[in-house]
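Okay, here's what each chain looks like letter by letter:
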Amino acid sequence: MNEKNFITSGRNTLIHKNKKFDLLVVNGSHPVAIVSHTGIDIYNGVMPKKRAEAKKAYQEVVDVSTSEVFGEEKTLIFVQALDNKEYKLDYSKVGTPNFIKVHQENYI
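Keep in mind it's a predicted model, so treat the numbers as computed, not measured. (Residues numbered from 1 in each chain as written. Predicted model: local features only at pLDDT ≥ 70, side-chain atom pairs only at ≥ 80, totals over all residues. Heavy atoms only, no water.)

Participant: I tried to follow the nonpolar core on my own but got confused; where do I start?
Facilitator: Inside soluble globular proteins, nonpolar side chains tend to come together where they are buried. Within the largest apolar cluster, 18 residues are counted, with the highest numbers of intra-cluster contacts made by Leu 14, Val 25, Ile 77 and Leu 89. Residues contacting Leu 89, with those up to four places away along its chain left out, are Ala 33, Ile 40, Thr 75, Leu 76, Ile 77, Val 79, Phe 99 and Ile 100. Within the second largest apolar cluster, 5 residues are counted, among which are Leu 24, Val 26, Ile 34 and Tyr 43. (Core = buried A, V, L, I, M, F, W, Y, C linked by side-chain atoms within 4.5 Å. Buried < 20%, exposed > 50% of the residue type's maximum accessible area, 1.4 Å probe, protein only. Contact = heavy atoms within 4.5 Å.)

Participant: What exactly am I supposed to notice about the pattern of salt bridges here?
Facilitator: Within this structure, the stated rule accounts for 3 salt bridges. The salt bridge partner of Lys 74 is Glu 72, with a shortest N-O separation of 3.3 Å. In this structure Lys 74 comes out as buried when scored by relative accessible area, which is 15%. Taking the shortest distance from any N to any O, the salt bridge between Glu 105 and Lys 85 comes out at 3.5 Å. (Salt bridge = Lys/Arg side-chain N within 4 Å of Asp/Glu carboxyl O.)

Participant: Would you mind showing me how to read the pairing of strand E3 (residues 22–26) here?
Facilitator: In regular strands, side chains alternate between the two faces of the sheet. The buried fraction of E3 amounts to 5 of the 5 residues, a majority that puts the element mostly inside the structure. The two faces of E3 match: Asp 22, Leu 24 and Val 26 on one face and Leu 23 and Val 25 on the other face are all buried. Bridge count for E3 against strand E6 (residues 59–63) is 5 bridges, and the pairing is parallel. Looking at E6, one finds that Leu 23 is bridged to Glu 60. Pairing of E3 with strand E4 (residues 33–36) involves 3 bridges; the strand directions are antiparallel. Along E4, the bridge assignment pairs Leu 24 with Ile 34. The turn joining E3 and E4, which pair antiparallel and follow one another in sequence, is formed by 6 residues; a positive phi near 65 degrees is taken by Gly 28. (Helix = DSSP H or I, 4+ residues; strand = E, 2+ residues; numbered from the N terminus. Pairing = 2+ DSSP bridges.)

Participant: I keep staring at the sheet that holds E3 and nothing clicks. Help me out?
Facilitator: Either a parallel or an antiparallel arrangement is found when strands of a sheet pair, and the pairing is made through backbone hydrogen bonds. What the 4 strands build is an open sheet, ordered E5-E4-E3-E6; its pairing is mixed. Two strands close off the open sheet at either side, each with one partner strand: strand E5 (39–42) and E6. On average, each strand axis in the sheet is tilted by 25 degrees relative to the strand beside it, whichever way the strands run. (Axes fitted to C-alpha atoms, helices over the stretch in contact; angles between N-to-C directions.)

The structure is reproduced here in C-alpha cells:
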C-alpha cells in the first residue's frame, strides 16, 4: 500500500504528517509551495519529474487538482504544518506578501 505523507481534510485543507518528507504543493500554473517541518515557503528548486526522484530527495509532490487530493484547482488552501501552525495559501494574492500567511498560530 502507498503511504502518503499528508492527509486531506474537508474541501481545502492539507495536513502534513511526516517530518522526514517535504510536500511540494502544485496548484495548476501557480507557484509551487514547499511544506517542511519548519514551515512553508515558495519552492524555487527543480521539480522532480518522477515519483522516485522526489522520494530520493525526501519530497512528495501533491497536485491539488488530482482526484485523490481535491479534484480541482483551488484559490484558497489551508496547510497544517508540523511547526504547530496553520498556513493559508491565497492564490488570488500571488506575488504579494499576503500569498502565504499564518492562519492560526496553534491549531492543536
